[in-house]
Structure formats: structure tokens, C-alpha cells
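Residue strings, one per chain:
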Amino acid sequence: MYAWSDTELAIRDAIRDFVNAEIRPHVDALESGEMPPYPLIRKMFSAFGIDAMMAASVDKQIARDRDPKKEAQGERGSDDAMHLLLSIELCKVSMGLATAMGVSVGLAGGTIMSRGDVEQKERWARDLMTFTKVGAWAITEPNSGSDAFGGMTTTVRPEGDGYVLNGEKTFITNGPFADTAVVYAKLDDGSSDDKRRRPVLTFVLDAGMDGFTQSAPLAKMGIHSSPTGQLFFSDVYLERDRLLGGGGEGASDGRESARSNFTTERVGIAAMSLGVIEECLSLCIDYAKNRELWGQRIGDFQLIQLKIANMEVARQNVQNMVFRTIELRRAGKTPTLAEASAMKYYASQAATEVAMEAVQLFGGNGYMSEYRVEQLARDAKSLMIYAGSNEVQITHVARGLLS
């Protein structure tokens, strides 16, 4: 059975100290939008050498791409624990920072690393993986959330030596401020084929390109420290070197990379959920020990004990999902889409229930922003919606079992 090693616990404590010193004092400014999340993420990357580590990893991959005979050094899963610990500790205080970081590095940068050629990795991936630049990953549209591929109406048509992109994306993390955006679009080659089944191509765009507009941040219920926006494309001309996965008729369908990212994203939500649960549990234990009612602390009441016990059960279950992910990756495996969906479905629901029970345990204080469980409850709810709504996760789990 996997458990955090002494080294990993030391890393966790160091991250926790950084979060308490550098991020907690600025939560109100982050929540209001007065302070953007990106300088704090860069400061964290620098403090723990993550930027240098990621740069070295990109350079090694590029070297292997140039010379396939070179063997990979180290195991792919060796850094997973640190990345998951970062998400856990950040989500205790400001889930938006974990979201902004994860989308930029894991989804935007990760897509280019997995599907880009050497030149594309050098041109875009290194800056995204080190968080030198901010990335967005754009697949969701106003009328195609969970039906991401079939309902996609953003299109690219071949023109000359490149493509012309038209359409829009919404609910895009980092969208308002992204330097680089990985965008999925349906191929419109003039054929009469079923539009739902047309190939999906993946392109890399830079901010400021003609016809590419980024909206202001959208107002939303939670994860306020993560800017979310819309992207608009009006006859954006894309050179062929912006296409990921090969050019021409041999271009690979972007559905494959998107599904791989869905798995990564959903597994990551288990770690984010664990952060919420651990923070709520810690706050509730402290409150139950100190808050008095009718001359005794509320922790002596059995119904309060039941709430805290249920939180601990949820914590253990979600932590075991995180541990299983680390074990799989260190064995050179990855969870299936159905397994990742099961993790996302359970963990996000558990985190939301725990956070709402924390608000209830705090009573009137829990409804006040000052006590932070209010923020945790708003943030937790987002986990049940993005990366595919929980209703869709049920379908993926069932299909995986029944196939």
C-alpha cells in the first residue's frame, strides 16, 4: 500500500510553508481579481526549482526526438507526487491557482509536448512548461460542453498553404490573459460528410494574431483566482506549422489528444478534491473544539461527530485514489478513461458534500467569507462541473464496465 514517503512529506511541508507565507495573505486580493495568479505561480516555480526541472525535462525530450536512439533517463512517474502535492496544498487555499497552473502546464503545454514536433516544442512548449508564458486549452463551446466533439462548430478550412479558423470557445481557463492557446476545430473541407464525424484538428495560436480576440474575465460562482474567458476567431489565418499532429491529409485527429487530456484532468481533480477535504476537515476539527453551545464544545455533540467522521472517511477514500494514481504511473501505466472518470465522479462529489457540511457545521459563521469554508464550498462545486459534468462521468464509467 502506497503512502507518502518521508521525502514527500518534507516536500509537502515546504510547499505548505510557502502557501501559508506567500499565498494565504493574498487570498482576498486573488478572489476579488485585484491580484492576478500568474506572478505567484511563477514565484512558486522559482522557489522550488520547478521551472528549471521542467526546462530540463523539455530539453531531454527534444534531444530524444532528434536522436530516437537515446534512452529516457528516470521514470515518468518520479515527479508525479510533487505535482499532486502542489495541487493538494494550493486547493486548500486558492483552487484557482491550481487550475490556472494545471491548464497552462498540463493541458496546453502537455498537448504540445505529446503531439508537437521538435520545432513546435522549442517554439511553444518550453515557455509553457516552465510557466514563462501562460497557456489556454480551448475545446469547450457555448453549445458543446459535454458533447465536445460532436457539437463543435468552430471550423478550419484549408486555404493556400495554411488554414482559416472561425468560431468561438467559452469557459476557457486563462483565456483572457493567455499568451498561447491550443485550439481544437472541425475540419471544413467542403465535403458533404456528417459534420459530427469530421476530423478535429489542433492548432497553436499566439495572442495578438489578426482575428483572434480574448474576452475580459467572466464573473462566476467560484475559483475566482482563476481567470476564465471566451475566445473568438474571425478568419484567423494559420500557417501549417501551427498544426499539431502532422500536416495535410496525414494530420492526426485531435480527439485522441483531447481524450488523453480528459484522463489527466479528471485524475487531477482527485488531488484537488483532497485539498478541499483536508482543509475543511482541519477547519471543522478546530472549530468543533473551540465553539461552545449550551456550556459545552460542539465537538461533544454526536451529530457534529458524525459530520467530522464522514469527512475523514471521504478523506481516506480520495487519498487512496491519489495514491493509486501514483502507483500506476510509477509502474509505467495510466488510468483508463473510465477509471479517471470514476475518480473524478466520486472525489468531486465527496469534496462538495464535505465543503457544504463544513458550512453547516460552522452555522452562521460558515456563511460568512471571513471563515473561508464559504469559499471552499463555492470552489468545490466547480469540480462537479468542469472536465466533464459528473452526469457524463457516470456514462463513461458504465460504458467502460459494459464494453
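Residues numbered from 1 in each chain as written. Predicted model: local features only at pLDDT ≥ 70, side-chain atom pairs only at ≥ 80, totals over all residues. Heavy atoms only, no water.

Draft legend 1. View of the state of the cysteines. In the structure shown here, the tally under the stated rule is 0 disulfides. No disulfide involves C91; its nearest neighbouring cysteine sulfur is the one of C280, lying 11 Å away. Classification of C91 by relative accessible area gives buried; the value is 1%. The closest cysteine sulfur to the non-disulfide-bonded C284 is located on C280, 6.2 Å from its own sulfur. (Disulfide = S-S within 2.5 Å. Buried < 20%, exposed > 50% of the residue type's maximum accessible area, 1.4 Å probe, protein only.)

Draft legend 2. Examining the packing of aromatic side chains more closely. Applying the stated criterion across every chain, the model contains 16 aromatic pairs. With centroids separated by 6.2 Å and ring planes inclined at 85°, the aromatic side chains of W294 and F301 adopt a geometry described as edge-to-face. Relative to Y371, the ring of F362 has its centre 6.0 Å away and its plane inclined at 65°; by these criteria the two rings are edge-to-face. Since its relative accessible area comes to 29%, Y371 is described here as partly exposed. Through pairs of rings, three or more aromatic residues link up here, namely Y38, F45, F131 and F177. (Phe/Tyr/Trp six-rings, centres within 6.5 Å; stacked < 30°, edge-to-face > 60°.)

Draft legend 3. Quick look at the packing of helix 4 (residues 50–66) against helix 7 (residues 118–129). Relative to each other, helix 4 and helix 7 sit at 170°, their axes nearing to 9 Å. Here helix 4 lies roughly antiparallel to helix 7, going by the angle between them. Listed contacts from helix 7 to M54, A55, V58, D59, Q61, I62, D65 and R66 of helix 4 are V118, K121, E122, R126 and M129. Taken together, the residues of the contact of helix 4 with helix 7 sort by class into 6 nonpolar, 1 polar and 6 charged. (Axes fitted to C-alpha atoms, helices over the stretch in contact; angles between N-to-C directions. Helix = DSSP H or I, 4+ residues; strand = E, 2+ residues; numbered from the N terminus. Parallel < 35°, antiparallel > 145°, perpendicular 65-115°, else oblique. Contact = heavy atoms within 4.5 Å. Nonpolar A, V, L, I, M, F, W, Y, C, P; charged D, E, K, R; others polar.)

Draft legend 4. Fine view of helix 7. For helix 7, every residue scored as buried is listed here: V118, Q120, K121, W124, A125, L128 and M129. Buried residues in helix 7, looked at end-on, bunch into an arc of 155°, giving them a common side. The N-cap of helix 7, judged by a side-chain oxygen 3.2 Å from the amide nitrogen of E119 a few residues on, is D117. Positive phi shows up at F131, right after helix 7, with a value of about 65°. (Arc of directions from axis to C-beta. Polar contact = N/O pair within 3.5 Å; in protein donor to acceptor, adjacent residues only side chain to side chain.)

Draft legend 5. Representation of the pairing of strand 4 (residues 180–187) in the model. For strand 4, the buried fraction is high: 8 of the 8 residues fall into the buried class. In this sheet, strand 4 lies alongside strand 1 (residues 135–138) in parallel orientation, the contact comprising 4 bridges. Looking at the pairing, W137 lines up with V182 of strand 4. Judged from the 2 bridges that link them, strand 2 (residues 155–159) and strand 4 form a sheet pairing that is parallel. Looking at strand 4, one finds that T155 is bridged to K186. Inspection of the sheet shows strand 4 paired to strand 5 (residues 200–206) by 7 bridges, in the antiparallel sense. If you follow V183 over to strand 5, its bridge partner there is F203. (Pairing = 2+ DSSP bridges.)

Draft legend 6. Spatial organisation of the environment of P68. Considering the arrangement of structural elements, one finds P68 in the loop between helix 4 and helix 5 (80–91). Accessibility expressed as a relative area gives 67% for P68, which makes it exposed. C-alpha of P68 to C-alpha of G190: the two residues are 122 residues apart in sequence and 38 Å apart in space.

Draft legend 7. Broad picture of the nonpolar core. Grouped together as the largest cluster of nonpolar side chains are 93 residues, with contacts concentrated most on W4, I23, W137 and I139. For this core, the element with the most residues is helix 8 (residues 255–290), which contributes 14 residues. Contacts of I23, omitting those with residues within four sequence positions, involve F18, L30, L40, L90, V93, S94 and L97. If you look at the next biggest cluster of nonpolar residues, it comprises 21 residues, including Y163, I172, A178 and L205. (Core = buried A, V, L, I, M, F, W, Y, C linked by side-chain atoms within 4.5 Å.)

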